[in-house]
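Listed below are the residues making up each chain.
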Amino acid sequence: MPTRSQLLPYARQSVDEEDIQAVTDTLRSDWLTTGPKVGEFEKAFASFTQSQEAVAVSNGTTALHTAYFGAGIGPGDEVIVPAMTFAATANAAVYLGATPVFADCDPATLLIDPGDVEKKVTEKTKAVVAVDYAGQPCDYAALRAVTKKHDVMLIADACHALGGTYKGNRVGSLADFSTFSFHPAKTLATGEGGMITTNDTEAAGRMRHFRNHGITTDHRERQEKGSWFYEMTTLGNNYRLTDFQCALGISQLKKVPVWTKRRQELAKRYDEAFAAIEEAASLRVRPDVSHAYHLYVLQLNLEHLTADRNSIYQALRAENIGVNVHYIPVHLHPYYRKTFRTGPGRCPVSEAAFERILSLPMFAAMTDADCDSVIQAMQKVLSYYSADHA
Ligand SMILES: *Cc1c(COP(=O)(O)O)cnc(C)c1O
């Protein structure tokens with residue numbers, strides 16, 4: 001008998017009647033895109049993340065592309081990114097003609113290792129990208145020391161970490177540029193959506209042009225001035241976020257503190273249950289952070305198990321637990337092996353971690369009973385495959 005009769009997904013959005021009302025109100029308004037909700041969402045988001053500027057874009061990947069453009073990354077530059085991330089963190093550098101250079105992670109937190117970052121800096125390095133893996137802010141003091149010493153930009157891919165803090169400062173205010181995704185698997189959902197935060201007002205202006213074809217005025221500004229004239233000054237894209245998505249974002253943003261608290265409660269429940277188990281270990285949480293828990297990741301102790309990660313994954317799926325794997329180290333993907341001649345051996349800590357990680361269900365609407373069913377299934381599967389009982 002499976003532990004659950006129905007699948008518990010690893011992530012799920014929370015959308016309530018107030019959110020739906022905000023969207024339908026905007027659908028009845030004059031502006032479906034480039035209207036007033038965009039600036040309103042940007043203002044609320046900048047305030048929430050303790051940043052001067054927020055620039056709304058169409059998704060987390062275009063947020064990375066736009067942030068890297070804002071940071072001045074271009075052909076011939078190197079961008080240091082962690083291997084343990086979603087491919088988009090590296091891909092966005094490639095869009096601009098730059099080369100991603102992969103850095104390894106700390107084995108207990110799976111966060112980018114500032115020591116390895118330092119080793120990978122060259123004359124060509126333009127920026128270091130910190131990914132707040134699983135929602136835990138990186139070691140920004142150590143990363144800032146490296147980027148300051150070598151005079152390069154520090155960019156945060158904070159797609160996991162909205163709602164988190166580092167030494168009391170909000171995620172979004174910790175780097176020169178920070179990026180967010182509003183995909184439904186993330187903390188705040190607008191369907192597709194993204195944001196860049198920065199204190200650099202000049203760069204924010206360039207990023208707003210970049211999301212609008214590189215054109216200096218938008219449709220609403222021209223309508224208000226009664227003018228048809230516009231010029232394209234750089235090669236941009238259409239990376240705009242619609243007004244009804246921004247309306248949803250504004251409504252969702254208010255709930256982020258409550259959702260973060262709930263994620264932390266669930267994580268505590270998992271932590272307490274897994275502390276007693278030999279076959280798996282939770283990731284280490286650094287003392288100076290408030291963790292946003294986009295993901296709850298366990299590392300299997302394969303020495304104590306008779307099965308590999310994939311067999312345990314399959315067994316948990318059979319129990320109707322929606323486990324997942326985040327991530328295949330980016331330098332192992334065929335595209336990077338082929339195009340940048342990467343491959344195994346570049347980031348040994350990330351490669352070894354990849355063989356043992358599992359992401360467990362984690363989202364704000366999960367009940368204590370849901371959480372306990374995951375724990376129960378985990379105990380059942382791990383004790384079945386335990387080498388200690390053999
Ligand atoms: C989700 C995610 C992205 C991409 O965001 P999309 O909105 O799906 O394009 C980039 N980086 C990280 C670390 C992510 O988790």
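What counts as what
- Residues numbered from 1 in each chain as written.
- Predicted model: local features only at pLDDT ≥ 70, side-chain atom pairs only at ≥ 80, totals over all residues.
- Heavy atoms only, no water.
- Helix = DSSP H or I, 4+ residues; strand = E, 2+ residues; numbered from the N terminus.
- Rg over C-alpha atoms; globule rule 2.2 N^0.38 Å.
- Buried < 20%, exposed > 50% of the residue type's maximum accessible area, 1.4 Å probe, protein only.
- Contact = heavy atoms within 4.5 Å.
- Areas by Shrake-Rupley, 256 points an atom, 1.4 Å probe, with all protein chains shown as cover.
- Lys, Arg positive; Asp, Glu negative; His and termini not counted.
- Charge placed at Lys NZ, Arg CZ, Asp CG, Glu CD.
- Pairing = 2+ DSSP bridges.
- Core = buried A, V, L, I, M, F, W, Y, C linked by side-chain atoms within 4.5 Å.
- Domains from an automatic or database assignment.
- Buried area = accessible area lost by both parts, 1.4 Å probe.
- Salt bridge = Lys/Arg side-chain N within 4 Å of Asp/Glu carboxyl O.
- Polar contact = N/O pair within 3.5 Å; in protein donor to acceptor, adjacent residues only side chain to side chain.
- Near = heavy atom within 4 Å.

Engineer: Outline the overall build of the protein, supporting the account with residue identities and numerical values.
Structural biologist: For the protein, the count of helices and strands is 14 helices and 13 strands. Its C-alpha radius of gyration of 22 Å places the protein within 12% of the 21 Å reference for a compact globule of 390 residues. With the C-alpha coordinates aligned to their principal axes, the bounding extent of the protein is approximately 80 × 55 × 40 Å. Buried residues in the protein amount to 56% of all 390 residues. Relative to all contacts within the protein whose residues are 6 or more apart in sequence, the contacts with residues 24 or more apart total 73%. Surface exposure of the protein reaches about 16,600 Å², of which carbon and sulfur atoms provide 52%. Between the mean site of the 39 positive side-chain charges and the mean site of the 45 negative ones, the protein shows a separation of 2 Å.

Engineer: Now, about the sheet that holds strand 11 (residues 289–290): what can you tell me, with residues and values included?
Structural biologist: Spatially, three strands are ordered 7-6-11 in an open sheet, and the strand pairing comes out antiparallel. Strands at the two margins of the open sheet, each flanked by one partner only, are strand 7 (169–170) and strand 11.

Engineer: Describe in detail the nonpolar core, supporting the description with residues and values.
Structural biologist: If you look at the biggest cluster of nonpolar residues, it comprises 56 residues, and the most contacted ones within it are Phe-41, Phe-45, Tyr-133 and Tyr-140. Top element by residues in this core is helix 2 (residues 36–48). It accounts for five residues. Split by domain, the residues of this core number at least three in each of domain 1 (17–253) and domain 2 (256–384). If we skip the residues at most four places from it in the chain, Tyr-140 touches Ala-130, Asp-132, Leu-154, Ala-156, Tyr-166, Leu-174 and Ala-175. Core analysis: the second largest hydrophobic core is formed by 33 residues, Val-55, Leu-64, Ala-88 and Phe-210 among them.

Engineer: Break down the domain arrangement of the protein for me, with residues and values.
Structural biologist: Structurally, the protein comprises domain 1 (17–253) and domain 2 (256–384). Once you take the C-alpha centre of each, domain 1 and domain 2 turn out to be 26 Å apart. Between domain 1 and domain 2, the residue contacts involve 44 residues of the former and 37 residues of the latter. Summing both partners gives a buried area of about 3,300 Å² for domain 1 against domain 2, and 62% of it is carried by carbon and sulfur. The largest contributions to the domain 1 side of the interface with domain 2 come from Phe-102, Gln-136 and Thr-187, which together make up 16% of the buried area. Inspection of the domain 1/domain 2 interface yields one salt bridge. The salt bridge partner of Asp-139 is Arg-286, with a shortest N-O separation of 3.7 Å. Viewed at the interface, domain 2 and domain 1 are joined by 18 residue pairs in polar contact (both at pLDDT 80 or more).

Engineer: Can you break down the site of the ligand residue by residue, with the values?
Structural biologist: The immediate surroundings of the ligand are formed by 13 residues, with Gly-60, Thr-61, Asp-157, Ser-181 and Lys-186 found nearest. Residue Lys-186 places a side-chain N or O atom 2.9 Å away from an oxygen atom belonging to the ligand.

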